[in-house]
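# Observations on chain architecture
Letter by letter, the chains look like this.
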Amino acid sequence: MAAAGEEELLQPRLPELFETGKQLLDEVEVAAEPTGSRRIQDKVSKGLDLLKTAAEMLSQLDLFSRNEDLEEIASTDLKYLMLPAFQGALAVKQVNPSKRLDHLQWAREHFLNYLTQCQHYHVAEFELPQNGNISAENNTAGSSMAYPSLVAMASQRRAKIERYKQKKEVEQRLSALKPAVESGDADDELVREYYLLHLRRWIGISLEEIESIDQEVKILREKDSSKEASTSHSSREDRPPMKPFILTRNAAQAKVFGAGYPSLASMTVNDWYDQHQKLGALPDQGTAKTTSEVHRAAQLQEAQERKEKEDDERTLQQAREWDDWKDTHPRGYGNRQNMG
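Described in the following lines is the structure provided in the data block. (Residues numbered from 1 in each chain as written. Predicted model: local features only at pLDDT ≥ 70, side-chain atom pairs only at ≥ 80, totals over all residues. Heavy atoms only, no water.)

### Some remarks on the overall build of the protein chain
Operational definition: Numbering of helices and strands runs from the N terminus, with a helix taken as a DSSP run of H or I at least four residues long and a strand as a DSSP run of E at least two residues long. Burial here depends on accessible area, computed with a 1.4 Å probe over protein chains only, as a share of the maximum for the residue type. Under 20% is buried, over 50% is exposed, and the range in between is partly exposed. Under the convention used here, a 1.4 Å probe and the Shrake-Rupley method define accessible areas, while residue burial counts only the protein chains that appear.
Helix and strand counts for the protein chain stand at eleven helices and zero strands. Seen in sequence order, the protein chain has helices and strands lined up from the N terminus as α-α-α-α-α-α-α-α-α-α-α. Within the protein chain, the fraction of its 340 residues that count as buried is 23%. Surface exposure of the protein chain reaches about 25,900 Å², of which carbon and sulfur atoms provide 51%.

This is the structure:
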């Protein structure tokens, strides 16, 4: 019994787990090094483990109930409502490509859980995002729908601007209250205002994160579907080559007029090559040509070249003679009968 009591004393308490997890989240948020670095990912994993233990402990303590109002929650316990939002913020920092979609969906669930709690306790006025569990069929159908109307886009833009203004006001007020709360000099009213401002700040952050997650999930699903389509297309069997055919109105016309040109190809070049290769009729397969045949072919080629050369010289001579004749016989020469 004494050993069990000592182990319970050595275990970290809920405030310690919460504050350490929050501190790791703040360090990850302001870190200058890449999110995918080993040091940052170790902090993310450690923070998630601490917050998971804190969430289990919070569930055992049963600090919050659906039957109570916001005013009934103690001021120092308000901060624990932000626990799901912290878990979601750390989850989106994980960079494992093979599990990215699972991490995003898990983070979205925790952001939505936080927003649901805040809406139940009427922390602020806002609309809950739509459910993100969209099937592949609904995702495909949604992509084929028309673009949102200009009125809806303008409404979303105004909502984002309003959230941005509220976020700036909340951060300024938090900066003013933080020294007094952390030093312990603030009374219960200031402490309560401080944590309520934190809750409202994380409402805006959660709404923005869910919107960003939905966009990334859509891109990942479209990427996976395009990969599946390309894989199925490449795995198709090659079709056999099509035989040549004639486009005519009917069979009678095809018999009378034929193809419209002397002959129709009856085989492809590859088929012709394969056929002659089997018969041994290709130049590199038949018997070697005799010396007389080679000599006769050379003589014929030489005679042909000589004839072409003579024809070229004869043509050139005729052109020169014609030019000389035109120089000595102007145009109209000899046609002098009708000159009047």
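After that view, the rundown keeps rolling.
### With respect to a nonpolar patch on the surface
Heads up, the condition is: Residues enter patches when their relative accessible area tops 30% and they take part in no salt bridge; the joining distance is 9 Å for like charges and 5 Å for the nonpolar side chains Val, Leu, Ile, Met, Phe, Trp and Tyr. By convention in these notes, a salt bridge is any Lys or Arg side-chain nitrogen within 4 Å of a carboxyl oxygen on Asp or Glu.
Taken together, Met267, Trp272 and Tyr273 make up a surface patch of nonpolar side chains, about 300 Å² in accessible area. Looking at the secondary structure, you find tryptophan 272 in helix H10 (residues 269-279).

### As for the pattern of salt bridges
Within the structure shown, the criterion is met by twelve salt bridges. A salt bridge links glutamate 216 to arginine 100, with the nearest nitrogen and oxygen atoms 2.8 Å apart. Here glutamate 216 is found in helix H8 (residues 188-234), whereas its partner arginine 100 is found in helix H5 (residues 100-120), with 116 residues between them in sequence. Look at arginine 100 and you get buried, because its relative accessible area is 16%. Glutamate 182 serves as the salt-bridge partner of lysine 178, at 3.9 Å between the closest nitrogen and oxygen. Taken together, the positions of lysine 178 and glutamate 182, both in helix H7 (residues 150-183) and four residues apart, correspond to about one turn of that helix.

### A closer look at the nonpolar core
Note the following rule: In this text, buried Ala, Val, Leu, Ile, Met, Phe, Trp, Tyr and Cys residues form a nonpolar core when linked through side-chain atoms within 4.5 Å. For this analysis, residues touch if any pair of their heavy atoms sits within 4.5 Å.
Of all hydrophobic cores here, the largest spans 54 residues; its most connected members are Tyr114, Trp202 and Ile203. Only helix H2 (14-30), helix H3 (38-61), helix H4 (83-91), H5, H7 and H8 provide two or more residues apiece to this core. By residue number, the principal contributor to this core is H8, which donates 13 residues. Dropping the residues within four chain positions of it, tyrosine 114 is found in contact with Leu81, Met82, Pro84, Ala85, His198, Leu199, Trp202, Ile203 and Ser206.

### Quick look at unusual backbone geometry
In the Ramachandran plot, aspartate 62 falls in the positive-phi region, its phi being about 55° despite a non-glycine side chain. Take aspartate 62: its relative accessible area is 57%, and that puts it in the exposed class. With a phi angle near 55°, histidine 122 is a residue other than glycine that sits in the positive phi range. Within the element layout of this structure, histidine 122 appears in the loop between H5 and helix H6 (136-143).

### Some details on the environment of alanine 74
Looking at where alanine 74 falls in the secondary structure, it is placed in the loop between H3 and H4. In this structure the C-alpha to C-alpha distance between alanine 74 and arginine 192, which are 118 residues apart in sequence, comes to 8.3 Å.

### Describing the packing of H3 against H4
The condition that has to hold: Axis angles are defined between N-to-C directions and span 0 to 180 degrees, where every axis is a line fitted to C-alpha atoms and, for a helix, only to the segment in contact. These descriptions rest on fixed angle ranges, namely under 35 degrees for roughly parallel, over 145 for roughly antiparallel, 65 to 115 for roughly perpendicular, and the rest for oblique. Take the far helix as your reference; a near helix turned counterclockwise from it by less than a right angle gives a left-handed crossing, and one turned clockwise gives a right-handed crossing. Gly counts as polar in this scheme, as do all residues outside two lists: the nonpolar Ala, Val, Leu, Ile, Met, Phe, Trp, Tyr, Cys and Pro, and the charged Asp, Glu, Lys and Arg.
H4 packs onto H3 with a crossing angle of 155° between their chain directions and a minimal axis gap of 10 Å. Considered as vectors, H3 and H4 are oriented roughly antiparallel to each other. Viewed along their axes, H3 and H4 form a crossing whose handedness is left-handed. Here Val44, Gly47, Leu48, Leu51, Lys52, Ala54, Ala55 and Leu58 of H3 come into contact with H4, specifically with Leu83, Phe86, Gln87, Leu90 and Ala91. Class assignment for the residues of the contact of H3 with H4 results in ten nonpolar, two polar and one charged.

### Digging into the packing of aromatic side chains
Note the following rule: Only rings of Phe, Tyr and Trp enter the pairing, Trp through its six-membered ring, and a pair is recorded when the two centres are within 6.5 Å. The plane angle decides the type: under 30 degrees is stacked, over 60 is edge-to-face, the rest tilted.
The tally for this structure, following the rule as stated, stands at four aromatic pairs. With centroids separated by 5.4 Å and ring planes inclined at 70°, the aromatic side chains of tyrosine 194 and tyrosine 195 adopt a geometry described as edge-to-face. Cluster of aromatic residues (ring-pair linked, three or more members): Phe18, Tyr80, Phe86 and Trp202.

### Points about the packing of H2 against H4
Two elements in contact, H2 and H4, have axes whose closest approach is 10 Å; the angle formed by their N-to-C orientations is 35°. Along this stretch, H2 crosses H4, giving a crossing that reads as left-handed. Of H4, the residues touching H2 (which contributes Phe18, Lys22 and Leu25) are Leu83, Phe86, Ala89 and Leu90. In the contact of H2 with H4, the residues fall into six nonpolar, no polar and one charged.

### Here we look at H4
Because an α-helix packs 3.6 residues into every turn, residues spaced three or four apart end up facing the same way. With nine of nine residues buried, H4 lies mostly within the body of the structure. Regarding H4, the residues found buried are Leu83, Pro84, Ala85, Phe86, Gln87, Gly88, Ala89, Leu90 and Ala91.

### Regarding a negative patch on the surface
The cut-off we apply is this: For the charge count, each Lys or Arg is scored as positive and each Asp or Glu as negative, with His and the chain ends excluded. Where a charge sits is defined by one atom per residue type, namely NZ (Lys), CZ (Arg), CG (Asp) or CD (Glu).
Side chains of Glu305, Glu308, Glu310, Asp312 and Glu313 sit close together on the surface and give a patch of like negative charge. Checked against the element boundaries, glutamate 310 lands in helix H11 (residues 291-328). Overall, glutamate 310 belongs to the partly exposed group, its relative accessible area being 40%.

### What about H2?
Put simply, the rule is: In a helix, the anticipated span is given by 1.5 Å times the number of residues less one. Here the arc refers to the directions that run from the helix axis out to each C-beta atom.
Between its first and last C-alpha atoms H2 spans 25 Å; for 17 residues at 1.5 Å apiece the expected length is 24 Å, and the two agree. All of the buried residues in H2 are Leu14, Leu17, Phe18, Gly21, Leu24, Leu25 and Val28. The arc enclosing the buried residues of H2, seen along the axis, measures out at 130°, which places them on a common side.

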